[in-house]
Amino acid sequence: MANLAQSVERKAFSVAIDAALKHLNKDREKGLLQIVDLAEKFMGDNFRKEAYDGARKMIQDPDNKWMHYVNRLLDETDPHVAKMTALNLGYQAAFVGTKTIRKMREVHNCNIPWLILMDPTSACNLRCTGCWAAEYGHKLNLTFDELDNIVTQGKELGIYFYMMTGGEPLVRKDDIIKLCEKHNECAFHCYTNGTLVDQAFCDEMKRVGNLSLSISLEGFEEANDFRRGEGVFDKVLHAMDLLHENGLIFGNSVCYTSKNMDAVTSDEFFDLLIEHGSRFAWYFHLMPVGMKASPELMPTREQREYIYHRIREVRGFTGGKEIFVMDFQNDGEYVGGCIAGGRNYCHINPKGDVEPCVFIHYSGANIREKSLLECLQQPLFMAYRDGQPFNENMLRPCPMLENPELLQKMVHESGAHSTDVEEAEPVEHLCGKCMEYACQWKETADKLWAEHPYQQKGYTNFKKK
């Protein structure tokens, strides 16, 4: 009966979305206000009332920077893709999924994530300097049946959003499209180098409507091609243009280091992304993961403080750029600190190991041996739940990078083992590379947090009393 009720409600939401999208072409302001009303009706207290009121105020200001962004997005997005995004990310994941997840956390007394990041393969079509996939990539894969089973189990827990990385996930593009077809109420997202995007794949993305991409870009042509190979930068821009021309939603994934910081935070770089149709950019702090990692590439505390301010400037309500940017390491205040360990997400590597985070290669459970729920109840994940937030300062969220003593403690006490696909890395070795960094950043982070006008004190998961 519950599934039938959900199906009826999803149909009602679908009809309402169709009506709202039609209004957008006749009266943009009225149509957008109708969508906010629809969201408030279905989502209710999933979001604060101030969020709905703020959206209405923005819509009624045609000169607002973000209204320019929204109008451009609506004008350029394929209608089927727009509808499926609203239906799957909005209704199914944010509304149905969130309600179910909250209930399941109480029922099962553990973290249940809102999204799962998984690796269909460790294979890659490129041979980037310093990347393990060049040598080991062809060896590890999750079969289609395994991917399908993860999603099937996930939906029972309320999880309707699935991200994929690798390796290069689009090496498995046929299986990914097949997954999107079978689970057409879910939203899927791939982190990709972009070189395998062609018109045929764009056609498939438009047909299914529930797949979006983040394309890796780490600067301009010289820096990208030095690492990834001659001509890759031009191929990436061509892929972005193709996606844009086909009305598909995509953004970029940017890893920032001590070497590329100036380039990837420049006006010219943001303008390049916008010019080629990018809607968002996820910024990732370099993590010194792996026995061969180069800790000297981690940003200095001065550089990290700079990007903290720069990202806020770029996405401000006034000024900046018409692109949504988020820095996972410096935006902890908006998500209550660390989101890993199943609190909001977890990672499944191509060997089936269920890890707390894509950067934390330790686990005590494998999806080939245990159910998804059992993997989420493994001792390491329970230690994450009990420890989150790992720091009251939301600018020091990570148990590895900013609180390395905590990750060591959790790994040892939970009995988790290294799951690194290239070479096992003792947790002392990993965290040892972060000790000096953590001490240096603490001084700056504490100063910034003390000055911050809005201090969210973290997030507390359901814990059995």
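What you are looking at is a predicted structure, and each value in this text was computed from that prediction instead of being measured.

For Asn 184, the location among the structural elements is in the loop between helix H8 (173-182) and strand S3 (187-192). In this structure the C-alpha to C-alpha distance between Asn 184 and Pro 389, which are 205 residues apart in sequence, comes to 34 Å. Those residues in contact with Asn 184 that lie beyond four places of it in its chain are Arg 10, Met 84, Asn 88 and Asn 210.

Side-chain pairing between opposite charges can occur once the charged atoms of the two side chains come close. What the rule picks out here adds up to 34 salt bridges. The partner of Asp 446 in a salt bridge is Lys 442, and the shortest N-O contact between them spans 2.8 Å. Taken together, the positions of Asp 446 and Lys 442, both in helix H19 (residues 435-451) and four residues apart, correspond to about one turn of that helix. For Lys 442, a relative accessible area of 37% translates into the label partly exposed. A single salt-bridge network, built from bridges that share partners, covers Asp 37, Glu 40, Lys 49, Asp 53 and Arg 56.

The next subject is unusual backbone geometry. A cis amide bond links Gly 166 with the next residue in sequence, Gly 167, at an omega value of 15°. Note on placement: Gly 167 falls in the loop between strand S2 (161-164) and H8. Here the amide bond leading from Gln 388 into Pro 389 is cis, since omega sits at -5°, within 30 degrees of zero. Looking at the secondary structure, you find Pro 389 in the loop between helix H16 (379-387) and helix H17 (404-414). Positive phi, close to 55°, is recorded for Asn 109, a residue that is not glycine. Mapping Asn 109 onto the fold places it in the loop between helix H5 (79-108) and strand S1 (115-118).

Our focus in this paragraph is the environment of Lys 259. With respect to the helices, strands and loops of the structure, Lys 259 is situated in the loop between strand S5 (250-256) and helix H12 (261-264). By relative accessible area, Lys 259 is classed as exposed at 69%. Along the backbone, Lys 259 and Glu 413 are 154 residues apart, and their C-alpha atoms lie at a distance of 37 Å.

What follows deals with the sheet that holds strand S7 (residues 324-327). Strand order across the open sheet formed by nine strands is S7-S6-S5-S4-S3-S2-S1-S8-S9, with mixed pairing between neighbours. This sheet does not close on itself; its edge strands, each paired only once, are S7 and strand S9 (354-355). Here five bridges tie S5 to strand S6 (residues 280-285), and the two strands are oriented parallel to one another. Paired with Val 254 across the strands is Tyr 283, a residue of S6.

Take the nonpolar core next. Counting residues in each nonpolar core, the largest one holds 136 residues, and the members touching the most others are Tyr 283 and Leu 407. Among the elements that take part in this core, H5 stands out by supplying nine residues, more than any other. Residues lining this core come from more than one domain, with at least three contributed by each of domain 1 (4-89) and domain 2 (110-453). Not counting chain neighbours up to four residues away, the residues in contact with Leu 407 comprise Ile 360, Tyr 384, Pro 399, Met 400, Val 427, Leu 430 and Cys 431.

Our next topic: a negative patch on the surface. On the surface, Glu 221, Glu 222, Glu 230 and Asp 234 cluster together to form a negatively charged patch. Judged by its relative accessible area of 72%, Glu 222 is exposed.

Another point: the domain arrangement of the chain. Domain parsing of the chain yields domain 1 (4-89) and domain 2 (110-453). Taking only C-alpha atoms, the centre of domain 1 and the centre of domain 2 are 28 Å apart. In this complex, domain 1 contributes 17 residues to the contact, which on the side of domain 2 involves 29 residues. When domain 1 packs against domain 2, close to 1900 Å² is buried across both sides, 52% of that on carbon and sulfur atoms. At the junction of domain 1 with domain 2, the criterion picks out two salt bridges. In this structure, Glu 322 engages Arg 72 in a salt bridge whose closest nitrogen and oxygen atoms are separated by 3.4 Å.

About the thresholds
Residues numbered from 1 in each chain as written. Predicted model: local features only at pLDDT ≥ 70, side-chain atom pairs only at ≥ 80, totals over all residues. Heavy atoms only, no water. Helix = DSSP H or I, 4+ residues; strand = E, 2+ residues; numbered from the N terminus. Contact = heavy atoms within 4.5 Å. Salt bridge = Lys/Arg side-chain N within 4 Å of Asp/Glu carboxyl O. Buried < 20%, exposed > 50% of the residue type's maximum accessible area, 1.4 Å probe, protein only. Pairing = 2+ DSSP bridges. Core = buried A, V, L, I, M, F, W, Y, C linked by side-chain atoms within 4.5 Å. Domains from an automatic or database assignment. Patch = residues over 30% accessible without salt bridge, like charges linked within 9 Å, V, L, I, M, F, W, Y side chains within 5 Å. Areas by Shrake-Rupley, 256 points an atom, 1.4 Å probe, with all protein chains shown as cover. Lys, Arg positive; Asp, Glu negative; His and termini not counted. Charge placed at Lys NZ, Arg CZ, Asp CG, Glu CD. Buried area = accessible area lost by both parts, 1.4 Å probe.

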